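Read off the chains here:
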Amino acid sequence: MQIAEPPDNETERLRALAELDILDTLPEQAYDDITLLASQICETPIALMTLVDEGRQWFKSKVGTDLEGSPRDISFCSHAILQPDELLLVPDTAADERFVDNPLATDAGVRFYAGVPLTTARGHALGTLCVIHDEPHQLTADQQQALWALSRQVIAQLELRRSVAALEAAA
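Residues numbered from 1 in each chain as written. Predicted model: local features only at pLDDT ≥ 70, side-chain atom pairs only at ≥ 80, totals over all residues. Heavy atoms only, no water.

Here we look at the pairing of strand E6 (residues 125–133)
Now for step 1: Burial of E6 is extensive: 9 of the 9 residues sit out of reach of the surface.
Now for step 2: Examined bridge by bridge, strand E1 (residues 46–52) and E6 share 6 bridges and lie antiparallel to one another. Along E6, the bridge assignment pairs Thr 50 with Thr 128.
Now for step 3: Hairpin connection, strand E5 (residues 112–119) to E6: the antiparallel pair is bridged by 5 residues, and Gly 123 has positive phi, about 90°. (Buried < 20%, exposed > 50% of the residue type's maximum accessible area, 1.4 Å probe, protein only. Helix = DSSP H or I, 4+ residues; strand = E, 2+ residues; numbered from the N terminus. Pairing = 2+ DSSP bridges.)

A word on the sheet that holds strand E2 (residues 56–63)
Now for step 1: On the basis of which strands lie adjacent, the open sheet formed by 6 strands has the order E3-E2-E1-E6-E5-E4 and antiparallel pairing. The sheet is open, and its two borders are formed by strand E3 (69–71) and strand E4 (88–90), each paired with just one other strand. Going from strand to strand, the sheet's axes swing by 20° on average, the running direction of each strand aside.
Now for step 2: Of the pairings in the sheet, the one linking E2 to E3 comprises 3 bridges and is antiparallel in character. In the sheet register, Arg 56 faces E3, and the bridge partner there is Pro 71.
Now for step 3: Lying on the sheet, helix H2 (residues 29–42) is in contact with E1, E2 and E6; it crosses E2 at an angle near 80°. (Axes fitted to C-alpha atoms, helices over the stretch in contact; angles between N-to-C directions. Contact = heavy atoms within 4.5 Å.)

Observations concerning the pattern of salt bridges
Now for step 1: This structure, assessed with the given rule, holds 11 salt bridges.
Now for step 2: Between Glu 10 and Arg 13 there is a salt bridge whose closest N-O contact spans 2.9 Å. With Glu 10 and Arg 13 both in helix H1 (residues 10–20) and 3 residues apart, this pair spans about one turn of that helix.
Now for step 3: The exposure class assigned to Glu 10 is buried, which follows from its relative accessible area of 12%.
Now for step 4: A relative accessible area of 0% means that Arg 13 is categorised as buried.
Now for step 5: Ionic pairing is found between Arg 162 and Glu 159, a salt bridge with its closest N-O pair at 3.4 Å. Here Glu 159 and Arg 162 lie together in helix H5 (residues 141–170), a separation of 3 residues that amounts to about one turn.
Now for step 6: Here the residues in one salt-bridge network are Glu 10, Arg 13 and Arg 72, joined through shared partners. (Salt bridge = Lys/Arg side-chain N within 4 Å of Asp/Glu carboxyl O.)

Quick notes on the pairing of E5
Now for step 1: With 8 of 8 residues buried, E5 lies mostly within the body of the structure.
Now for step 2: Here E4 pairs with E5 via 3 bridges, running antiparallel. Paired with Leu 89 across the two strands is Ala 114, which belongs to E5.
Now for step 3: Across 7 bridges, the pairing between E5 and E6 is antiparallel. Each bridged residue has a counterpart across the sheet, and for Ala 114 the counterpart in E6 is Val 131.

Function cannot be inferred from these measures alone, as they are strictly geometric.
Below is the structure:
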C-alpha cells in the first residue's frame, strides 16, 4: 500500500481547512443534496464529501455508508488532494498497485474510486467529492464533468459558509 505524502502546501492547506470551522459539524442539507446527486449521476452506491485533516479523512456528507471517516494514511482522498486540478480515477483497485493491498479495498470492499479535489480559489485542496463502488466501474466523460460541476458547488457552499461567519462576527 502506498501512503500519500502531504501536499507541499500542507501547513497553509490545514490552516484554510481550520478557518472554515466545519470539521465535526452536523450534516447539512446543501452538502447532502450534492453527494446524493453525485451518487445518482455516477451510478455508484457511495458518494462522500470528505475533508482531509492531519490524521484522518472526515465525511461531512455521505450517501451509502454509516462510516464517519477513516485514517488519513489509508484514504484514497489523501492521494487525490496531491493533484488539486485532476480527477483521481481508480477503475479497479485490484489492478492498481497504489491500492491493491489497501485495507479499504481488501477489508471494506472498495473496488472503484473517483475523487475530485475540493480546491479553494487559493489552490488549497481541502478534501474531495468522491464516488465509490464495490465493483470495478467507469465514469463517462459526462459523469466526470458532472462530478467536477458538483465539486464547484461544494466549494461555493464552503465559501458561502465562510462569508456568513465573517458577517456574523462583524455584526
